[in-house]
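# Survey of secondary and tertiary structure
Read off the chains here:
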Amino acid sequence: MRSERRTVRANGIVQAVRVAGPPDGVPVLLVHGNVSSAAFWEPLLPRLPETLRVVAPDLRGYGDTDTAPVDATRGLGDFADDVAALLDAPGLFAPGVRPVVVGHSLGGGVAMRLLVDHPDRVAGLLLEAPVSPYGFGGTRDLAGTPTTPDFAGTGAGTANPDFVTRLAARDRGADGPTSPRAVLRSAYVADPASLGGNEELLLESMLTTATGDDNYPGTAVASAHWPGLAAGERGVLNALAPAHFRLADELVAVPAKPPVTWVRGDADVIVSDTSLFDLAYLGSLGVVPGWPGAADCPPQPMVGQTRAVLDRYAAAGGTYREVVLPGCGHSPHLERPAEFVAELLALAEVPSGV
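Residues numbered from 1 in each chain as written. Predicted model: local features only at pLDDT ≥ 70, side-chain atom pairs only at ≥ 80, totals over all residues. Heavy atoms only, no water.

## Description of the overall build of the chain
A tally of regular secondary structure across the chain gives 11 helices and 12 strands. Since a compact globule built from 354 residues should have a radius of gyration of about 20 Å, the 19 Å found for the chain is in line with a globular shape. Every one of the 354 residues in the chain was classed for burial, and the buried ones make up 59%. As presented, the chain carries roughly 12700 Å² of accessible surface, and 53% of it is formed by carbon and sulfur atoms. (Helix = DSSP H or I, 4+ residues; strand = E, 2+ residues; numbered from the N terminus. Rg over C-alpha atoms; globule rule 2.2 N^0.38 Å. Buried < 20%, exposed > 50% of the residue type's maximum accessible area, 1.4 Å probe, protein only. Areas by Shrake-Rupley, 256 points an atom, 1.4 Å probe, with all protein chains shown as cover.)

Given below as structure tokens:
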């Protein structure tokens, strides 16, 4: 399977989309994660059968899609609305289609939002290393209880400023731990060798990220609580913050509950109960000074929260399957593509090898 690039005006913006497979094929919608683009799915496409109809958009502010602003107060709603508009855009899917929606990391949150908003348009969810249904950072337990009233320690202020600077400068170097290439090798995968010949493609994908107050990382505000910052109202990292993205109850309450497959690696350092991107966990390691301690600011149990919410989803009449890949990091579709494809085909009810 090979893709072709198209542009579509949908939800008021021009969206770049990768399309593969016959128009009447089994529909699959691929939603990429943060600091990437639809190009992150390219290594997977040759492993997919020609019987699928695959649509993979660049989200706003990534790839070749318009650099439209992200209203963080809507959580991931701007992204979900953009993706929802593609379901009925001419030439992408057959009319009235219900695709299997695959969401990676931030894209997992977009996929959950899409299901909540349009439960009749989703045939199944494949959540790949998804953000917790309680957002990223700032919560203390499986119920998503805030560590502080303003969810301190979340949002745009948590981004490493040198990484943002290098991203904006389209830095292709490998010197220092905050270069985009170094982050790709150390955080996106557990073993950089798994990137193989795709490293330049994936790095280029990262470097398409629009930076600034309206996109990545967004705006930060001061907080009276450790570590002195909280989420603002504009930009991507704020849209992921629990002050704005909290849909656990809505997800459990959706009237139509398609099957969910949750695929994650046990060596993920981004979405983890010990995430190296969670300031509370970094504080517990002494990396961020002044941490008030586990009683006041414990690390977010991201994986535990997702499992607890999916348990509630199942108890309310849905079904889910958790797949844990040993030694795998944040990008199972890159690191363990055979297992990932098998789970996707099973969810789409496509026989393996077809």
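## Some words on the pairing of strand β5 (residues 100-104)
The element β5 is largely enclosed, with a buried count of 5 among its 5 residues. Side-chain alternation along β5 places Val-100, Val-102 and His-104 on one buried face and Val-101 and Gly-103 on a second face that is also buried. Here strand β3 (residues 26-31) runs beside β5; their pairing, made up of 4 bridges, is parallel. Bridge pairing in β5 places Val-31 opposite Gly-103. Examined bridge by bridge, β5 and strand β6 (residues 124-128) share 5 bridges and lie parallel to one another. Bridging from a neighbouring strand, His-104 pairs with Glu-128 of β6. Following the chain from β5 across helix α2 (residues 106-117) to the adjacent parallel β6, one finds a crossover that is right-handed. (Pairing = 2+ DSSP bridges. Right-handed = clockwise from strand over helix to strand, strands pointing away.)

## Topic: the nonpolar core
If you look at the biggest cluster of nonpolar residues, it comprises 73 residues, and the most contacted ones within it are Leu-29, Phe-79, Leu-125, Tyr-188 and Tyr-216. Per element, the largest residue contribution to this core is 7 residues, and it comes from α2. Filtering out sequence-adjacent residues up to four positions away, Leu-29 remains in contact with Val-55, Pro-57, Val-83, Leu-87, Phe-93, Pro-99, Val-100, Val-101, Val-102 and Leu-114. Counting residues in hydrophobic clusters, the runner-up holds 26 residues, among them Met-1, Val-28, Val-54 and Leu-344. (Core = buried A, V, L, I, M, F, W, Y, C linked by side-chain atoms within 4.5 Å. Contact = heavy atoms within 4.5 Å.)

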